[in-house]
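Examining the three-dimensional arrangement
Residues per chain, in single letters:
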Amino acid sequence: MKILIIGSTGETGKLLIDKCLAMNYEVTALARDKNKLSDYSNIKIVQGDVLDYPTVKACVEGQDVVLCALGASKGDKVGSTRSKGTENVVNAMNSAGVSRIITVTTIGVGQSRDYMSPVSKFLYPFIVGKERLEEAKKQELLITESNLKWTIVRPPRLINTNKSQKNEIGMDMATTLSDCLDRKNLADCVVGLIKETSFIRKSFTLVGR
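Note that the coordinates shown come from a computational prediction; the quantities given were computed from them, not determined experimentally.

1. Quick word on the pairing of strand 2 (residues 26-31)
The buried fraction of strand 2 is high, at five of six residues. At this point the chain moves from strand 1 (residues 2-6), through helix 1 (residues 11-22), to the parallel strand 2, and the crossover so formed is right-handed. Where strand 2 lies against strand 3 (residues 44-47), four bridges are found, and the strand directions are parallel. Its bridge partner lying in strand 3, Ala-29 is registered against Ile-45.

Structure below.
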């Protein structure tokens, strides 16, 4: 199984690489700075920008599944990388005949907002950033309006912890500001969806309890 990881140098992206390797998948990672993946000797690293369509197209060709974990790091300018990059990925997949994509966005987007507590609805745009939420909305729209076999995973605040968490999944799951999810749990879920067909063309909230 050949897997392309977009957004590979972030904390979530690296955990996706680790999980895919543990499953003996053949991994290709697109990275603006390949030095950030210097610890990996058993994956194919393509240095390039997701905003450069020819590079994205070359990476997508021959893949079986695309995992997308795009997003601006805390403190970085939001810009349009998430939406424009996803547009390139979707177009490249259509061109290459690759249909399966699993994307990580965030709660507060799509129907997940309807199930947030009143306080969360009001405060979340200020906590996460209105620009980030707008970018995630644009990203989701690009994916859901495509003919791809997509799945969208919406986590709450992401954390790194050694404490055990049990994943809870729901399309109508109520969330509050206290909800969080361990990044390892997120990676486990996303990679587990590679061979799972029941969530194709569906989006859901994923919370750790």
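2. With respect to the environment of Asn-42
The residue Asn-42 is located in the loop between strand 2 and strand 3 in this model. Judged by its relative accessible area of 52%, Asn-42 is exposed.

3. Structural notes on the nonpolar core
Judged by nonpolar contacts, the single largest core of 29 residues is most densely connected at Cys-20, Leu-67 and Ile-194. For this core, the secondary structure elements donating two or more residues are strand 1, helix 1, strand 2, strand 4 (65-68), strand 5 (100-104), helix 6 (183-192) and strand 10 (202-208). Sorting elements by how many residues they give to this core places helix 6 first, with five residues. With sequence-adjacent residues up to four places away left out, Cys-20 is seen in contact with Ile-3, Ile-5, Tyr-25, Val-27, Leu-67, Val-191 and Ile-194. In this structure, Val-60, Met-93, Val-98 and Leu-148 belong to the second largest nonpolar core, which totals 21 residues.

4. Looking at unusual backbone geometry
Only a minority of non-glycine residues have a phi that is not negative, and only a minority of peptide bonds are not trans. Unusually for a residue other than glycine, Asn-24 sits at a positive phi of about 65°. Topologically, Asn-24 is positioned in the loop between helix 1 and strand 2. Although it is not a glycine, Arg-201 sits at a positive phi angle of roughly 60°. Mapped onto the elements of the fold, Arg-201 is located in the loop between helix 6 and strand 10. The class for Arg-201 is partly exposed, based on a relative accessible area of 43%.

5. Some thoughts on the environment of Leu-51
Position of Leu-51 relative to the elements: it lies in the loop between strand 3 and helix 2 (53-60). Overall, the relative accessible area of 41% leaves Leu-51 in the partly exposed class. Placed 48 residues apart in sequence, Leu-51 and Ser-99 show a C-alpha to C-alpha distance of 20 Å. Beyond its immediate chain neighbours, meaning those up to four positions away, Leu-51 contacts Ser-80, Thr-81, Lys-84, Gly-85 and Asn-88.

6. A word on helix 3 (residues 81-96)
Structural remark: α-helix, 3.6 residues per turn; residues separated by three or four positions point the same way. For helix 3, built from 16 residues, the straight-helix expectation of 22 Å at 1.5 Å per residue is met to within 8% by its first-to-last C-alpha distance of 21 Å. Every buried residue of helix 3 is listed here: Arg-82, Ser-83, Gly-85, Thr-86, Asn-88, Val-89, Val-90, Ala-92 and Met-93. Contacts from the buried residues of helix 3 go to strand 1, helix 2, strand 4, strand 5 and helix 5 (130-144). After helix 3 finishes, the residue Gly-97 shows a positive phi value of roughly 75°.

7. Description of the packing of aromatic side chains
Evaluated as defined, the whole model comprises two aromatic pairs. A centroid spacing of 5.6 Å and a plane angle of 50° characterise the contact between Phe-122 and Phe-126, whose relative ring orientation is tilted. In this pair, Phe-122 and Phe-126 are both assigned in helix 4 (residues 118-128), four residues apart and thus about one turn of the helix distant. Residue Phe-126 is classed as exposed on the basis of its relative accessible area of 54%. Ring centres of Phe-199 and Phe-204 lie 4.9 Å apart, and the angle between their planes is 55°; this geometry places the pair in the tilted category. Its relative accessible area of 0% is what places Phe-204 among the buried residues.

8. Overview of the packing of helix 4 against helix 5
With their axes 5 Å apart at the nearest point, helix 4 and helix 5 run at an angle of 100° to one another. Judged on the interaxial angle alone, helix 5 and helix 4 are roughly perpendicular. Facing helix 4, whose interface residues are Tyr-124, Pro-125, Phe-126 and Val-128, helix 5 presents Lys-130, Arg-132 and Leu-133. In terms of residue class, the contact of helix 4 with helix 5 is built from five nonpolar, no polar and two charged.

About the cut-offs
- Residues numbered from 1 in each chain as written.
- Predicted model: local features only at pLDDT ≥ 70, side-chain atom pairs only at ≥ 80, totals over all residues.
- Heavy atoms only, no water.
- Buried < 20%, exposed > 50% of the residue type's maximum accessible area, 1.4 Å probe, protein only.
- Helix = DSSP H or I, 4+ residues; strand = E, 2+ residues; numbered from the N terminus.
- Right-handed = clockwise from strand over helix to strand, strands pointing away.
- Pairing = 2+ DSSP bridges.
- Core = buried A, V, L, I, M, F, W, Y, C linked by side-chain atoms within 4.5 Å.
- Contact = heavy atoms within 4.5 Å.
- Expected span 1.5 Å × (residues − 1).
- Phe/Tyr/Trp six-rings, centres within 6.5 Å; stacked < 30°, edge-to-face > 60°.
- Axes fitted to C-alpha atoms, helices over the stretch in contact; angles between N-to-C directions.
- Parallel < 35°, antiparallel > 145°, perpendicular 65-115°, else oblique.
- Nonpolar A, V, L, I, M, F, W, Y, C, P; charged D, E, K, R; others polar.

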